[in-house]
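Descriptive structure summary
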Amino acid sequence: MNSLKERGRSVRLPSGRTRFPRARPLLGALPRLAEVTSAPVRRVSPCHGPPRQHVPLRGYGFKRHPRSPPSPAAAAGEEEREPSEVAAASGHTVVLVDQSDEILKKSAKGIEESLKRVAKKKFADKPEAGAEFIEKTLKNLTTSTDAVTVVHSTDLVIEAIVENQEIKNELFKRLDKFAPEHTIFASNTSSLQITQLANSTTRQDRFGGLHFFNPVPMMKLVEVIKTPMTSQKTFESLMDFSKAVGKSPVTCKDTPGFIVNRLLVPYMMEAVRLFERGDASKEDIDVAMKLGAGYPMGPFELLDYVGLDTSKYIIDGWHSLEPNNPLFAPSPLLNKLVKEKKLGKKTGEGFYKYK
């Protein structure tokens, strides 16, 4: 039997599972290791928030490389705030952590604007109910730039920083020193192996993967990853949390890319190679996949949405693991755009230009 403290009382579950809908979590992303004393964290009182010994943590989702020049658009991107939004909307107490108050204000504003869109659609005939929904959700969300303080009272930490093994390991290693023994760690990584991340901590049995999909408020899927060391209790708790925030979880072994990205990334890269060879324009490729395959977005539109830097980090990582696999071959065009800081929608230009 386990218990989670909630507002001074304990919630005991006969099944022995940790019921996160009543827990308090943390979600975070690490901006730069150099700013170890000024990072932000996202905590959910059941489970949500970005981390920073102040370990600098940023939102929940994809992030720019911490060693690259600052990118305000990426720092306060949709991917980082949306998991916090759905957690808060489902009744969790969320602490959003980031490097600075400025970034946090931008993220909070983005969440409020997103909630208004959701409320307008969900409560089309009941504007008062929509306003109440927004108010209640925002009350569940607070911000902080002190990760250590947040992690001390957190039941679940969900990391969502840049797809970089070294940076993620450093983050988890730091948080592991301050988090309570019962706290579960989870990564929102889309391409790295969870086992390698878990090995940077002393809680391998309380470590798993929680991979959300963008846009998080609309996408119902969450991939829950169980490593050979993840306890059944931890796995079931992560499944329960996923359902509590209104998602449909699927499970997968700890293999690079899990299910969706293992199929999706090679597809997007092959679209880039098709364009590089001059076989078809990017516009026609996007139209073809939307009208011919029924996809909501074409591969180039999706690459711009996800972030070209994120896609490059993923494919580079897989290429280093399997250099002879043609599906993981680097793209000269993608490398060129990333070098020029044309990372997609978050910078105003990628394969397409955005106003």
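Residues numbered from 1 in each chain as written. Predicted model: local features only at pLDDT ≥ 70, side-chain atom pairs only at ≥ 80, totals over all residues. Heavy atoms only, no water.

Comments concerning the overall build of the protein
Keep this limit in mind: Numbering goes from the N terminus for both helices and strands, where a helix is a DSSP run of H or I of at least four residues and a strand is a run of E of at least two. The rule is simple: take the accessible area with a 1.4 Å probe, protein chains only, and divide by the maximum for that residue type; under 20% is buried, over 50% is exposed, in between is partly exposed.
What the protein contains, in helices and strands, is 13 helices and 11 strands. Considering the protein as a whole, with its 355 residues, one finds that 55% of them fall into the buried category.

Quick word on the side chain of T137
This is how it is decided: Polar contacts, as counted here, are pairs of nitrogen or oxygen atoms within 3.5 Å of one another; within protein the pair requires one atom able to donate a hydrogen and one able to accept it, and residues that are adjacent in sequence qualify only if both atoms are side-chain atoms. In what follows, a contact means two residues having at least one pair of non-hydrogen atoms within 4.5 Å.
Position of T137 relative to the elements: it lies in helix α4 (residues 127-139). Judged by relative accessible area, which is 3%, T137 ranks as buried. Polar contacts involving the side chain of T137 include one to the main-chain carbonyl oxygen of F133, which spans 2.8 Å. If we ignore the near neighbours within four places in the chain, the residues touching T137 are E85, A88, A89 and L115.

What about the pairing of strand β10 (residues 221-225)?
As a reminder of what qualifies: A pair of strands counts as paired when DSSP detects no fewer than two bridges linking them. By convention, orient the strands away from the viewer: a clockwise path from the first strand over the helix to the second makes the crossover right-handed.
In terms of burial, β10 is largely enclosed, as 4 of its 5 residues are buried. The sheet contact formed by strand β9 (residues 207-212) and β10 spans 4 bridges and is antiparallel. Across the sheet, G209 pairs through a bridge with I225, a residue of β10. Strand direction decides the pairing type here: β10 and strand β11 (residues 248-252), joined by 5 bridges, are parallel. Each bridged residue has a counterpart across the sheet, and for I225 the counterpart in β11 is C252. Regarding topology, helix α8 (residues 232-244) serves as the crossover connection from β10 to the parallel β11, and that connection is right-handed.

Some remarks on the packing of helix α11 (residues 299-306) against helix α12 (residues 308-321)
If you want to describe how two helices pack, look at the angle between their axes and the distance between the axes. Rules: Lines fitted to C-alpha atoms define the axes here, with helix axes fitted over just the stretch in contact, and angles between the N-to-C directions of these axes take values from 0 to 180 degrees. Angles below 35 degrees are treated as roughly parallel, those above 145 as roughly antiparallel, those between 65 and 115 as roughly perpendicular, and all remaining angles as oblique. For this scheme, ten residues count as nonpolar: Ala, Val, Leu, Ile, Met, Phe, Trp, Tyr, Cys and Pro. Four count as charged, namely Asp, Glu, Lys and Arg, and the remainder, Gly too, count as polar.
Running from N to C, α11 and α12 cross one another at 95°; their axes reach a closest spacing of 6 Å. When the axis of α11 is compared with that of α12, the two are roughly perpendicular. Between α11 and α12, the contacting residues are L303, D304 and V306 on the first element and L308, T310 and S311 on the second. The residue inventory of the contact of α11 with α12, partitioned by class, reads 3 nonpolar, 2 polar and 1 charged.

Some details on helix α10 (residues 282-292)
Owing to its 3.6 residues per turn, the α-helix brings residues three or four apart onto one side. The condition is simple: An arc is given here, and it is the one of the directions from the helix axis to the C-beta atoms.
When we look at burial in α10, the residues that qualify are K282, I285 and D286. On an axial view of α10, the arc spanned by its buried residues comes to 100°, and they lie on one face. Those residues of α10 that are exposed and aimed more than 90 degrees away from the buried face are L291 and G292. In this structure, the buried residues of α10 make contact with α9 (260-276) and α11. G294, located one to two residues past α10, shows a positive phi value of around 80°.

Focus: the confidence of the model for the protein
Quick reminder of the rule: Residue-level confidence of the predictor, termed pLDDT, takes values from 0 up to 100.
Of the residues in the protein, 77% have a pLDDT of 70 or more, and the chain-wide mean is 79. In the predicted structure, residues 1-77 sits below a pLDDT of 50 and forms 373 contacts with residues beyond four places in sequence or in another chain.

Quick look at the nonpolar core
Put simply, the test is: Nonpolar cores are built from buried Ala, Val, Leu, Ile, Met, Phe, Trp, Tyr and Cys residues. Side-chain atoms within 4.5 Å join them into one set.
By size, the foremost hydrophobic cluster in this structure holds 27 residues, and its most contacted members are L156, L210, F212, V224, L238 and F241. Counting 21 residues, the second-largest nonpolar core is a separate cluster that includes M269, V306, W318 and F328.

A short note on the packing of aromatic side chains
Which entries qualify depends on this criterion: Stacked, tilted and edge-to-face are the three classes applied to pairs of Phe, Tyr and Trp rings, where Trp contributes its six-membered ring and a pair requires centres within 6.5 Å; stacked means planes under 30 degrees apart, edge-to-face means over 60, and tilted covers the rest.
The full count for this structure, using the stated rule, is 8 aromatic pairs. For the ring pair F172 and F207, a centre distance of 4.8 Å and an interplane angle of 65° mean the geometry is edge-to-face. Highlighted residues: F172 in helix α6 (residues 165-178) and F207 in strand β9, separated in sequence by 35 residues. Their ring planes at 80° and their centres at 5.6 Å tell us that F275 and F300 sit as a pair that is edge-to-face. Taken together, the residues F275 in helix α9 and F300 in helix α11 connect sequence positions 25 residues apart.

Brief notes about the pattern of salt bridges
Think of it this way: side chains of opposite charge can pair up when their charged atoms draw near. Applied cut-off: When a carboxyl oxygen of Asp or Glu lies within 4 Å of a side-chain nitrogen of Lys or Arg, that pair is called a salt bridge.
Scanning the model with the defined rule gives 17 salt bridges in all. For E102, the salt bridge identified is with K106, shortest N-O distance 3.9 Å. Of this pair, E102 and K106 both sit in helix α3 (residues 101-122), separated by 4 residues, roughly a single helical turn. Under the relative-accessibility criterion, K106 is labelled partly exposed at 39%. Residues K336 and E340 are paired through a salt bridge, measuring 2.8 Å at the closest nitrogen-oxygen approach. K336 sits in the partly exposed class, given a relative accessible area of 46%. Via salt bridges that share partners, E270, R273, R277 and D279 belong to a single interconnected network.

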